[in-house]
Each structure stands twice: as C-alpha cells, then as structure tokens.
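Coordinates in review
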Amino acid sequence: MNQDPQPFQGIDTIILKVSDINRSLQWYRDQLGFACTWHDPEMKLAVMDPGGSTSLTIWETGEPTHEGGNGKAFPIFRCEDAAKARALLIDRGISAGELEDDENVCWFQFRDPDGNVLEACQVKTDLNLS
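This report concerns the structure included in the present document. No experiment lies behind these values; they were computed from the predicted model shown. (Residues numbered from 1 in each chain as written. Predicted model: local features only at pLDDT ≥ 70, side-chain atom pairs only at ≥ 80, totals over all residues. Heavy atoms only, no water.)

Comments concerning the side chain of N116
Inclusion rule: Helix numbering and strand numbering both begin at the N terminus, where a helix is a DSSP run of H or I of at least 4 residues and a strand a DSSP run of E of at least 2. Whether a residue is buried, partly exposed or exposed follows from its accessible area with a 1.4 Å probe, protein chains only, as a fraction of its type maximum: under 20%, in between, or over 50%, in that order. In the analysis that follows, any N or O atom pair within 3.5 Å is treated as a polar contact, provided that within protein one partner can donate a hydrogen and the other can accept it, and provided that, for residues neighboring in sequence, both atoms belong to side chains.
Within the fold, N116 resides in the loop between β7 (105–111) and β8 (117–123). The class of N116 is buried, set by a relative accessible area of 6%. Side-chain polar atoms of N116 contact the backbone oxygen of K17, separated by 2.8 Å.

Take a look at the structure:
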C-alpha cells in the first residue's frame, strides 16, 4: 500500500484564549520571560517565543477563556530543572501546583491570569519514543 508522505513538520503554535490581550502580553513577557515575536492589536493576537520550535499564540477572542483543566488542551513548557522553575515562578507571585515526580519526568502546573492551565516539565531520562 502506497502511503502519502507525512504532511506535517511539527507543531507551529499553540493558541490560548485570553480575556485581555494587553494584560496577558505583559504577564507572559514579565512573568515567564517570553519574547513577543509578533503582535497584531487589531486582531488582539500576539505570538510569544517560549524557546524551542513551537510558539505560543495568545488571542483575545471575546469567547470564554477556560472551563477548568479537564479535557482541554494545554501547553507543556520544557525546562532543565522543574524545581528551580517552580521556585522562580513562586518568587514572581505565581501560584504553582505541587511538584510531581517519577523516574522519567518531573513537572508542575500553574495558570495564567485567565485560568488557562500551563505545565512545566523536566525530562530526566532518554524516553526513546521511537
């Protein structure tokens, strides 16, 4: 059977709905240190660079921003040391969940000003996902 080649090259961006683009833009820059690579005030949309190959797009749509964490997509940010990343966010006044740890990964969740679930994850081993 002849299969078409893979049409995708990875994830370009993850979109999070926000209630106030200016407040969120400032929060993602000031609290998480993300650079803004593109901002369209008319569309109320900003593309943030969290590092790596996938961007984070925050978008004020006028729609509800969240309905809790269950069943909703959310970004996971890679970090070298989850405990240090968590401590840094707490020092910046961000409420972060407990540090979870297993033999492969260490992670914690936190939320942006609109209640969107965000997660930070430290991969501790080569997971060999092939």
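Points about helix α2 (residues 82–91)
Note the following rule: Arc, as used here, means the arc of the directions from the helix axis to the C-beta atoms.
Those residues of α2 that sit buried are A82, R86 and L89. Taken around the axis of α2, the buried residues stretch over an arc of 65 degrees, which confines them to a single face. Turned more than 90 degrees off the buried face of α2, the exposed positions are K84 and D91. Between a side-chain oxygen at the N-terminus of α2 and the backbone nitrogen of A83 the separation is 3.1 Å; the capping residue is D81. The first or second residue beyond α2 is G93, which carries a positive phi of 85 degrees.

Things to note about the packing of aromatic side chains
Note the following rule: Each Phe, Tyr or Trp ring, with Trp reduced to its six-membered ring, pairs with another whose centre is within 6.5 Å; inter-plane angles below 30 degrees give stacked pairs, above 60 give edge-to-face pairs, and intermediate values give tilted ones.
Per the counting criterion, the structure on display carries four aromatic pairs. Between W27 and Y28 the ring centres are 4.9 Å apart and the planes differ by 85 degrees, which places this aromatic pair in the edge-to-face class. Accessibility classification places W27 together with Y28 in one group, the buried group. Centroid distance F108 to F110: 5.7 Å. Interplanar angle 35 degrees. Geometry classified as tilted. F110 shares its class with F108; the two are buried. Through a chain of ring-to-ring contacts, the aromatic side chains of W27, Y28, F34 and F77 assemble into a single cluster.

Regarding the side chain of E119
Worth spelling out the cut-off: In this tally, Lys and Arg are treated as positive and Asp and Glu as negative; His is ignored, and so are the chain termini. Each reported salt bridge corresponds to a side-chain nitrogen of Lys or Arg within 4 Å of a carboxyl oxygen of Asp or Glu.
Within the secondary structure layout, E119 lies in strand β8. Within the buried set, E119 has no salt-bridge partner at all; the shortest N-O distance to an opposite charge, 10 Å, is to R111. Here the side chain of E119 touches Q109 through a polar contact of 3.0 Å, side chain to side chain.

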